[in-house]
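Next come the chains, spelled out residue by residue.
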Amino acid sequence: FKHRVEGPTCFIFHCEFSSKRGPLQLKLMRELDRKANQDAYPHLFYPELYLMENGYCEFFSKFPQLCHPQD
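Residues numbered from 1 in each chain as written. Predicted model: local features only at pLDDT ≥ 70, side-chain atom pairs only at ≥ 80, totals over all residues. Heavy atoms only, no water.

A. Molecular detail of helix H1 (residues 21-36). For H1, which comprises 16 residues, the first-to-last C-alpha distance of 22 Å matches the rise-based estimate of 22 Å (1.5 Å per residue) to within 8%. Within H1 the residues assigned to the buried category are Gly22, Met29, Arg30 and Asp33. On an axial view of H1, the arc spanned by its buried residues comes to 95°, and they lie on one face. Away from its buried face by more than 90 degrees, H1 exposes Arg21 and Lys35. (Helix = DSSP H or I, 4+ residues; strand = E, 2+ residues; numbered from the N terminus. Expected span 1.5 Å × (residues − 1). Buried < 20%, exposed > 50% of the residue type's maximum accessible area, 1.4 Å probe, protein only. Arc of directions from axis to C-beta.)

Structure representation (structure tokens):
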């Protein structure tokens, strides 16, 4: 981690169904954050990491007005 976003930051990971790529990226981010803060446990730069349940596909079907492009 060379760069840290200033202020409260929340990351939401997802892929089409949040079954493989999204969870893997969340896990990698958590591992890197823990490694960067290993001397300050339990401190983390990014304590709020989330995985979008059922992925972008379901989110798009429920909230298309919040998605771009909409087709």
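B. Representation of the state of the cysteines within the structure. Overall, the coordinates contain zero disulfides when judged by the stated rule. The thiol sulfur of Cys10 is not disulfide-bonded, and the nearest other cysteine sulfur, from Cys67, lies at 17 Å. Left unpaired, Cys67 is separated from the closest cysteine sulfur, that of Cys57, by 10 Å. (Disulfide = S-S within 2.5 Å.)

C. Up close: the packing of aromatic side chains. On inspection of all chains with the given rule, the structure shows six aromatic pairs. Each member of the aromatic cluster is reached from another via a ring pair, and the members are Phe11, Phe13, Phe45 and Tyr46. (Phe/Tyr/Trp six-rings, centres within 6.5 Å; stacked < 30°, edge-to-face > 60°.)

D. Layout of unusual backbone geometry. Here the amide bond leading from Tyr41 into Pro42 is cis, since omega sits at 10°, within 30 degrees of zero. Positionally, Pro42 belongs in the loop between H1 and strand E2 (48-51). Cis geometry is adopted by the peptide bond preceding Pro69, which originates at His68 and carries an omega value of 0°. Tracing the chain through its elements places Pro69 in the segment after helix H2 (55-62). Of note in the backbone geometry, Ser18 takes a positive phi value of approximately 55° without being a glycine. Looking at the secondary structure, you find Ser18 in the loop between strand E1 (10-13) and H1. Ser18 sits in the buried class, given a relative accessible area of 10%. Even without being a glycine, Asn54 presents a positive backbone phi close to 65°. Looking at the element boundaries, Asn54 is found in the loop between E2 and H2.

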